[in-house]
Number of protein chains: 2
Amino acid sequence: MNKIKALIIILLVSVFGNAQEFKSPNGNFLMKFSLLSDGTPTYQLSYLNKEVVKSSKLGLELKNDKKSLLNDFKVVSATPSTFNETWNTVWGEESQIQNHYNELAVQLKQNETEREMIIRFRLFNDGLGFRYEFPQQKNLAYFVIKEERTEFAMTGDHTAFWIPGDYDTQEYDYTESKLSEIRGLFKKAVTGNASQKQFSNTGVQTSLMMKTADGIYINIHEAALINYSCMSLDLNDKTMVFQSHLTPDAKGDKGYMQAPCTSPWRTLVISNDARDILASRMTLNLNEPCKIEDTSWIKPIKYVGVWWEMITGKSSWSYTNDFPSIQLGITDYSKATPNGTHGATTKHVKELIDFAALHGFDAVLVEGWNEGWEDWFGQSKDYVFDFVTPYPDFDVKEIHAYAKSKGVKMMMHHETSGSARNYERHLDKAFQFMNENGYDTVKTGYVGNMLPRGEHHYSQWILNHYQYVIEKAVDYKIMINAHEAVRPTGICRTYPNMIGNESARGTEFQAFGGSKPNHTTVLPFTRLMGGPMDYTPGIFEMDISKLNPNNNSHVNTTLSNQLGLYVVMYSPLQMAADLPENYNRFLDAFQFIKDVPVEWTESKYLEAEPGYYITIARKDKNSNNWFVGNNNGVNPRTSTISLDFLDKGKKYEATIYADAKDADYKTNPQAYKITKQKVTNKSKLKMTSASAGGYAISIVEVE
Amino acid sequence: MNKIKALIIILLVSVFGNAQEFKSPNGNFLMKFSLLSDGTPTYQLSYLNKEVVKSSKLGLELKNDKKSLLNDFKVVSATPSTFNETWNTVWGEESQIQNHYNELAVQLKQNETEREMIIRFRLFNDGLGFRYEFPQQKNLAYFVIKEERTEFAMTGDHTAFWIPGDYDTQEYDYTESKLSEIRGLFKKAVTGNASQKQFSNTGVQTSLMMKTADGIYINIHEAALINYSCMSLDLNDKTMVFQSHLTPDAKGDKGYMQAPCTSPWRTLVISNDARDILASRMTLNLNEPCKIEDTSWIKPIKYVGVWWEMITGKSSWSYTNDFPSIQLGITDYSKATPNGTHGATTKHVKELIDFAALHGFDAVLVEGWNEGWEDWFGQSKDYVFDFVTPYPDFDVKEIHAYAKSKGVKMMMHHETSGSARNYERHLDKAFQFMNENGYDTVKTGYVGNMLPRGEHHYSQWILNHYQYVIEKAVDYKIMINAHEAVRPTGICRTYPNMIGNESARGTEFQAFGGSKPNHTTVLPFTRLMGGPMDYTPGIFEMDISKLNPNNNSHVNTTLSNQLGLYVVMYSPLQMAADLPENYNRFLDAFQFIKDVPVEWTESKYLEAEPGYYITIARKDKNSNNWFVGNNNGVNPRTSTISLDFLDKGKKYEATIYADAKDADYKTNPQAYKITKQKVTNKSKLKMTSASAGGYAISIVEVE
């Protein structure tokens, strides 16, 4: 960590009565804090002298409390400060990140109750973060949040890229619409999921990406969501004011708090250039520095797995069809008839290990290896898995020895079926089992309704479970890749063993009927604002019926688009998700997946428009090579990109994997062409992407 | 274990169409099973040719299921059998227990759904047990119980000793009334508690003790309550039919079931002699045999403790008054000002160890030894204790070494404040800490509302937690004494490390304003039907203001009554709960507490009438000595007891601790007299007990 430079600059802040204002370090943002006549705190935000957030109320409604924390406040002090440091990432889109902000800490006291609350605002060059802080005090020790009443008052009927507000899932396609159109489109936007619960037909999730009529991009999200409920936004579509809406617990309560404590940060990343949204590191900067002393065991991973074949229905997680239901430790699998479709067999896993070794992958994920998959879903089953007992046809020791001999790691899979208590009860033994058998990464899953029953995937109680797993994993030097958990909020800065998350509509939905063709041009502006996604790209066979005749799904991208994903969708954990047999048919294209790194030292956002296109260039952490990825929306697009990010004077060879002229994501998705050319930092490349197409370029230094 | 003798006796059962009947081994009970015309199963029970349970419906209402398990059944088979074995107890009221019953297993099939359900009836010589069984089958794998609809149709307006049905506590005084009077008395019967929730003003708890107008005693309870919700009874006070009422979870559901599975046993212990109710072992017999292979580490315990001084308010659990709230691991106790009233100091605990050693007690319990007691209650606090971090003034190592040098064990205390998840997260480390520091018994506590929030003390989810703790403790060879957990149902047969339970109104209430004077003449007929209670008797100073001037409570018994409790209220775990200074004032009476064993080989129920009197004689497991205890209700009483249980021809000396003539539980409770006399098995003793008085007799073999 670099040395922290903190300096109080009194003059940054103008104080007049109960109102204060301050600016971002670059002066682009101006934020005004003021109290309404009834003592309600408010903030208002301008960007380049234009109002972007109108006067918005702040506060919390409490349960069973004579007085909420909404009004009757006076300002005790307003303390400005500034902060500027550069810190090193363990992994990320770059090796160093600057954390530079001006801060205003407004200390409030409620007249009647004498309760104290601090609202801490931080203006970065790319936006605003603020949070509520509750110092230790006599009159506010324990309190229950009925609702957080933070407003984000928009200045107009912006265009939004939204998914339905939901207590249990973010696995939705994004809808692009005006804010005023959300209500009418809401029902259509709610597609089925294993566990879901909406709260309002103008409720949307964060991170929410918007664009104003005059071309300003606004992103609302949260950072450092720890020991609090996940925030959605409830829109008043007459006033265009969003209000925070927290996820309730089984009793309907929104948060159990004990001072001293804080809320998560509420974030607004704002720019007139969409690329700045992608380049923002505000979410990470608002999280605590790394709490893991030795991070040497945390390593980005490129992997293959026994997974897509189950997702498509070609093979099964389960081992047998003999039993109407399973009781772990009682059901005798040794006498069961194998169903003949079980994916996780020793023989098949060895084939994957061979494939991984041949092509230089770090690891092999195997799902469906452990007892219990016959009735794991939808039964609200408490003791659903024990995480240590393999099926009879999965020989852990033999597989471990074989993988080790090939220099390949095995990746563990812990599906919990939402049974959080059961997972916690088995966690130590499950992690010990991983340590003993050479697994250092686990993909966790929370499919279906949560247990304890009545809790939601995004309630405080369950979020504390996810956090417990992350912290417990540190003790065992285990990396976590949590699926169906809450969407990330930059906690990976503090716990970089949180190597991945799903928490959005991933590639699996391409085998569940398909996702919108522009889906991955939205995700980096929304889901990825909080941290990387285990999107599992790399599908080469778009016609799923070729894998499973009973599945008519179509993957709604071209093959080149799939290659571009490895750069566009940043993750330290990247899967080559398709089957080896499909890669073997296109080994020249597969070469890009083999070449593309998962560790970067620098990232350049070349082109970006949410829902339409994204082009990013990233520099390998371990060489001077660069990699460019593009994902395109529905409209075919040609543009010229400049390679001016390359080192001056150096020579490179670019290998370009692009859509062929006749490529079409529906009818001809596998039409790609690969070309090579010499390039320098003066080169410009004219690139064309098909509808739902894209491209990938590897740029390798020569001589 | 003795050899199991099972024999099918076809002729025991008369089958006529859809109706069957069978008898108890002694012929006293006759049970009839039949189907109503709509296929509803019913049972009817007679005792000595008198109907005691009228035709009562059986079945379960399911949630979200097209058809419940209530009717439309046909009888597939009705299989009679008989069973007779004698098994050895690890601890108990006797060293051997006979388990003798006739059984009728009625296999039912639902016509429409083809679902199968077995109702298994067992008639013992002292009553009936029955349960629902759900075999593994295709059409019934998972199901959710909306309500169990088991009826207990009474034949009249019986007298009952009842406490309000409640999802969270049994810590109520018993009310004696007609069934028809419950509704009118209900409100008065509900006294305050840290966590409580009633469901109906004719709802009562089990075990429920009743007496019919013609002198038949009926006790309804349950046995082997595992992975199910606790049952209360909801009375229809027009028809005098009780229906089972299960404790709901946070969502209102009553039970999540997976076939193959069973309900707990529903029990009816019935006799025209109240002593037979106390002598019944049906609850234990309906539980599974011991599952712990090596039980050598399980030992009954007589103990003293740092506890009554906190209950009375003389000293405190907490260490400091410095902090408005505590965050474990963050709050720095080392700099805190001690409050001067903390009970669990090294110095004070050593005094207790000295006292225990001097008087031959096995162990010393210490509460309030660990960080967190400043804000442990009523805050719905998740991370409330860590169970391993002592206060600065409690030196675990020093205390352990000192206790060891004196031959005394320390007893651990784990108050969870109802935060069950937190306890499970810390359980392994807490038990390791106990192993490392020489603790082999833990008193657990669940004061206040449960976490996860919305769950109840008696819901299936939380019951599974208690069971998890019991089974986990076996791994560490730890004995559990659970307070505020669900009332026991004989599980101590299967897990005899479940050495104690509170789960009723214990002695502590004598310092919270007092209990009814006849309380302990009811408890053996109700709460103790399921297993022993850590009642913590032995209070010698009845005027609590002498311990704490601010506490005007009065202990509503005489001193002799307190001595009698050690025999009347069977427990393998007996506390001498009062302060050493109070025992030192009455060392001659204290001698009985020192002498009375906690391990028995035989028990004789000499006199019994619920609410009025109980006299029991028990034989020491390790000598030929006998001990007699009496507890009396409100009316002073004289009776003659025969010592014919003594060995013929042997000579004994009896030491009699009895109420003095002028004893009065209110005004002169400490008036006792101690006399000695020679006795044989021909002796008869005329004994008098004061109102809320009692006596204790030790009978020691001489020569």
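Because the structure is predicted, anything quoted here is derived from the model rather than measured.

Draft legend 1. The packing of aromatic side chains, seen in detail. This structure, assessed with the given rule, holds 77 aromatic pairs over all chains. A ring pair is formed by Phe540 of chain A and Phe586 of chain A, whose centres lie 6.0 Å apart and whose planes are at 80°; its orientation type is edge-to-face. In this pair, Phe540 of chain A sits in the loop between helix H9 (519-522) and helix H10 (559-568) while Phe586 of chain A sits in the loop between helix H11 (580-585) and helix H12 (587-595), placing the two residues 46 residues apart along the sequence. You'll find Phe540 of chain A and Phe586 of chain A in the same group, each marked buried. When the ring of Phe361 of chain B is compared with that of Phe590 of chain B, the centres are 5.8 Å apart and the planes differ by 25°; the resulting orientation is stacked.

Draft legend 2. Structural context of the pairing of strand E32 (residues 613-620) of chain A. Residue and element names in this part refer to chain A. Burial runs high along E32: eight of the eight residues are buried. The sheet contact formed by strand E31 (residues 600-609) and E32 spans eight bridges and is antiparallel. Across the sheet, the residue bridging to Glu602 is Lys619, located in E32. Connecting E31 to the antiparallel partner E32 that follows it, the hairpin turn spans three residues, and Gly611 within it adopts a positive phi of roughly 85°.

Draft legend 3. Spatial organisation of the UniProt feature "domain: Glycosyl-hydrolase 97 N-terminal" (unreviewed entry) in chain A. The feature "domain: Glycosyl-hydrolase 97 N-terminal" (unreviewed entry), as annotated in UniProt, sits at residues 23-289 of chain A in this numbering. Secondary structure within residues 23-289 of chain A divides into 7% helix and 49% strand; the distance between the first and last C-alpha atoms comes to 25 Å.

Draft legend 4. View of the interface of chain A and chain B. Contact residues are listed per partner, giving 33 residues for chain A and 33 residues for chain B. Summed over both partners, the interface of chain A with chain B buries about 3,200 Å², with 53% contributed by carbon and sulfur atoms. By the criterion of area lost to chain B, the three top residues of chain A are Tyr142, Arg453 and Trp461 of chain A, representing 24% of everything that side buries. Counting the contacts that link chain A with chain B gives two salt bridges. In this structure, Glu424 of chain B engages Arg425 of chain A in a salt bridge whose closest nitrogen and oxygen atoms are separated by 2.7 Å.

Draft legend 5. Representation of the relation of the copies chain A and chain B. In screw terms, the move from chain A to chain B is a rotation of 180° and a rise of 0.0 Å along the axis, fitting with an RMSD of 0.0 Å. Look at the turn and shift together and you get a two-fold axis relating the two. Minimal C-alpha distance to the rotation axis in chain A is attained by Ala250 of chain A, lying at 3.1 Å. When the interface residues of chain A are mapped onto chain B, 100% of them are again interface residues, pointing to one common binding face.

Draft legend 6. Broad picture of the domain arrangement of chain A. All names here are of chain A. What the domain assignment lists for chain A is domain 1 (20-90 + 97-286) and domain 2 (555-702). Here domain 1 and domain 2 have C-alpha centroids that lie 35 Å from each other. With twelve residues of domain 1 at the contact, the number on the domain 2 side is ten residues. When domain 1 packs against domain 2, the two sides together hide about 870 Å² of surface, and 58% of this comes from carbon and sulfur. When the area that domain 1 buries against domain 2 is broken down by residue, the three leading residues are Phe161, Arg275 and Leu278, summing to 50%. Run the count over domain 1 and domain 2 and you get one salt bridge. With a closest N to O distance of 2.8 Å, Glu609 and Lys211 form a salt bridge.

Draft legend 7. Just helix H10 (residues 559-568) of chain B, in detail. With respect to burial, H10 of chain B is a largely interior element, ten of its ten residues being buried. Considered for burial, the residues of H10 of chain B that qualify are Leu559, Ser560, Asn561, Gln562, Leu563, Gly564, Leu565, Tyr566, Val567 and Val568 of chain B.

So, how was this worked out
- Residues numbered from 1 in each chain as written.
- Chains lettered and ligands numbered in written order.
- Predicted model: local features only at pLDDT ≥ 70, side-chain atom pairs only at ≥ 80, totals over all residues.
- Heavy atoms only, no water.
- Phe/Tyr/Trp six-rings, centres within 6.5 Å; stacked < 30°, edge-to-face > 60°.
- Helix = DSSP H or I, 4+ residues; strand = E, 2+ residues; numbered from the N terminus.
- Buried < 20%, exposed > 50% of the residue type's maximum accessible area, 1.4 Å probe, protein only.
- Pairing = 2+ DSSP bridges.
- UniProt positions renumbered as here; feature names shortened; annotations may be inferred.
- Contact = heavy atoms within 4.5 Å.
- Buried area = accessible area lost by both parts, 1.4 Å probe.
- Salt bridge = Lys/Arg side-chain N within 4 Å of Asp/Glu carboxyl O.
- Least-squares fit on C-alpha atoms with pLDDT ≥ 70 in both.
- Domains from an automatic or database assignment.

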